[in-house]
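Residues per chain, in single letters:
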Amino acid sequence: MSPVVSLIGAVVAAAFVIVAAPAQAQTELSPEWMLCSNEGNAYPSNIVADGCTAVIRSGKRPARELAVALNNRGLAYRDLGDYDRAFADYGAAIKLDPSYASAFNNRGAAYGDKGDFDRAIADYDAAIKIDPRSAVVIVNRGAAYRDKGDLDRAIADYDAAIRIDPKLATAFTHRGNAYREKGDVDRAAADYSEAIEIDPMNAVAFNNRGALYLVKGDYEHALVYFSEAIKLNSEYALAFNNRGMAWRDKGDLDHAVADFGEAIRLSPRNGAALINRANAWRDRGDFDRALADYGEAMRLNPRNTFALSSRGLARLRRGELDGSIADFDAALALNPTLANSLYGRGIAKRKNGDLAGAAADVAAAEAIRPGIAQEFAMSEIE
């Protein structure tokens, strides 16, 4: 068995951030303002934070300028993962200038990062009240609704953003993601195609269009779109992971392993890519490498049931019955409804002589997922 462990068609970043610069012309910017405004993202976040701190400490300035510096420092702190300081700066910026829509938007993005979607939506509401024509913020609110599971309200926001700015490619990409999650593959494909037409450099739209082809089993078209996404963004770990799955499903495990490896190199904490590569190693019969990747995935997340169940299957194939049962036990302790783990444990128990336990596990698995016996037989595990 090779369970799908992926981020197919994953949503693009849930929110845009808005960086503001002071009112002075660029030629008048002081060195600290140049660092703080960070035009073109020329400076690393720690340097940006230092520049903004210098602006804030430099003496009396208009409230809006101080708010801009605080907002930009908040962005830098968010990028550095220091959310406490980021929230403090956004709050201070809003207190100085309650009409500062960018600060509300960026604080909403930070709340979204933390999974607090209600607060994120409240901040986006405030930003939209100040600037009702901001398509970017409306898309951000839609993304928060989508993350919250309210796809209809998300689509309503994406529709509104597109009415304001029909050339905002990211709005089409987001709406395509929402339609995909609703199961409307045709509308999702149309939106991804529109995003690509508007912005031929939109790597995310190419990736997500490829994901739809992958779901349909059209591996040739999937490979074309994933490859184009990678061509546009050579550091796009998700596209490498997804292309690896297309290669794997096409039966080309060598190319699959290479792509999963590149996804892991670009994103070392990518548990999905680690499990996918481990499954490919397992299917090639390289159990030592497979077990090493499963182990790393579980080191990153000890509660990863995909990793536990997949390692259990690898050990079952290798004949390590006790280790296999232990992995299935651990996975089922976290989620008792995992049909793969139940059926795999049933096979391991049968081979280990526990016929009653085997029959109970197999029956439970078949009750959850009829036809699982055929799936295992096709994978030559029986």
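Scroll up to find the structure.
Summarised in this report is the structure supplied together with it. (Residues numbered from 1 in each chain as written. Predicted model: local features only at pLDDT ≥ 70, side-chain atom pairs only at ≥ 80, totals over all residues. Heavy atoms only, no water.)

Tallied over the full model, the rule gives 1 disulfide. A sulfur-sulfur distance of 2.1 Å marks the disulfide that ties C36 to C52. Because the torsion about its S-S bond is 95°, the bridge between C36 and C52 counts as right-handed. Of this pair, C36 sits in helix α1 (residues 31–37) while C52 is found in helix α2 (residues 45–57), placing the two residues 16 residues apart along the sequence. By relative accessible area, which is 0% here, C52 ends up buried. (Disulfide = S-S within 2.5 Å. Helix = DSSP H or I, 4+ residues; strand = E, 2+ residues; numbered from the N terminus. Buried < 20%, exposed > 50% of the residue type's maximum accessible area, 1.4 Å probe, protein only.)

Right, let's talk about a nonpolar patch on the surface for a bit. A cluster of nonpolar side chains, namely M34, Y43 and I47, defines an oily patch on the protein surface of about 230 Å² accessible area. Mapped onto the elements, M34 comes out in helix α1. (Patch = residues over 30% accessible without salt bridge, like charges linked within 9 Å, V, L, I, M, F, W, Y side chains within 5 Å. Areas by Shrake-Rupley, 256 points an atom, 1.4 Å probe, with all protein chains shown as cover. Salt bridge = Lys/Arg side-chain N within 4 Å of Asp/Glu carboxyl O.)

A few words now on the environment of A54. With respect to the helices, strands and loops of the structure, A54 is situated in helix α2. By relative accessible area, which is 35% here, A54 ends up partly exposed. Separated by 21 residues in the primary sequence, A54 and W33 have C-alpha atoms spaced 8.4 Å apart.

Below, the discussion takes up the packing of aromatic side chains. Within the structure shown, the criterion is met by 5 aromatic pairs. Ring centres 4.7 Å apart and planes at 45° place the aromatic pair Y343 and F376 in the tilted group. With Y343 in helix α19 (residues 339–351) and F376 in helix α21 (residues 372–378), this residue pair connects regions lying 33 residues apart in the sequence. For the pair formed by Y343 and F376, the shared burial category is buried. The ring of Y100 carries the charged tip of R64 above its face, separated from the ring centre by 4.4 Å. (Phe/Tyr/Trp six-rings, centres within 6.5 Å; stacked < 30°, edge-to-face > 60°. Lys NZ or Arg CZ within 6 Å of the ring centre and 35° of its normal.)

With that out of the way, let us pick up helix α18 (residues 321–334). Spanning 14 residues, α18 covers 20 Å between terminal C-alpha atoms, matching the ideal 20 Å at 1.5 Å per step. Inspection of α18 places L321, S324, I325, D327, F328, A331 and L332 among the buried residues, and these make up the whole buried set. In a view along the axis of α18, the buried residues occupy a sector of 160°, so they form one face of it. Relative to its buried face, α18 has exposed residues pointing more than 90 degrees away, namely D322 and A333. Those residues of α18 that are buried lie in contact with α17 (305–318) and α19. (Expected span 1.5 Å × (residues − 1). Arc of directions from axis to C-beta. Contact = heavy atoms within 4.5 Å.)

Moving on, we get to α17. Helix length check: α17 (14 residues) gives 20 Å between terminal C-alpha atoms against 20 Å at 1.5 Å per residue, within 8%. The buried fraction of α17 amounts to 11 of the 14 residues, a majority that puts the element mostly inside the structure. Taken together, the buried positions of α17 are occupied by T305, A307, L308, S309, S310, R311, G312, L313, A314, R315 and L316. The inward-facing, buried residues of α17 contact α15 (271–283), α16 (287–300), α18, α19 and α21. The residue sitting at the N-terminus of α17 and contributing the capping side-chain oxygen is N304; that oxygen lies 3.1 Å from the backbone nitrogen of F306. Count one or two residues on from α17 and you reach G319, which has phi positive near 90°. (Polar contact = N/O pair within 3.5 Å; in protein donor to acceptor, adjacent residues only side chain to side chain.)

Our focus in this paragraph is the environment of G217. Topologically, G217 is positioned in the loop between α11 (203–216) and α12 (219–232). A sequence separation of 29 residues divides G217 from A246, and the C-alpha atoms of the two residues are 8.6 Å apart.

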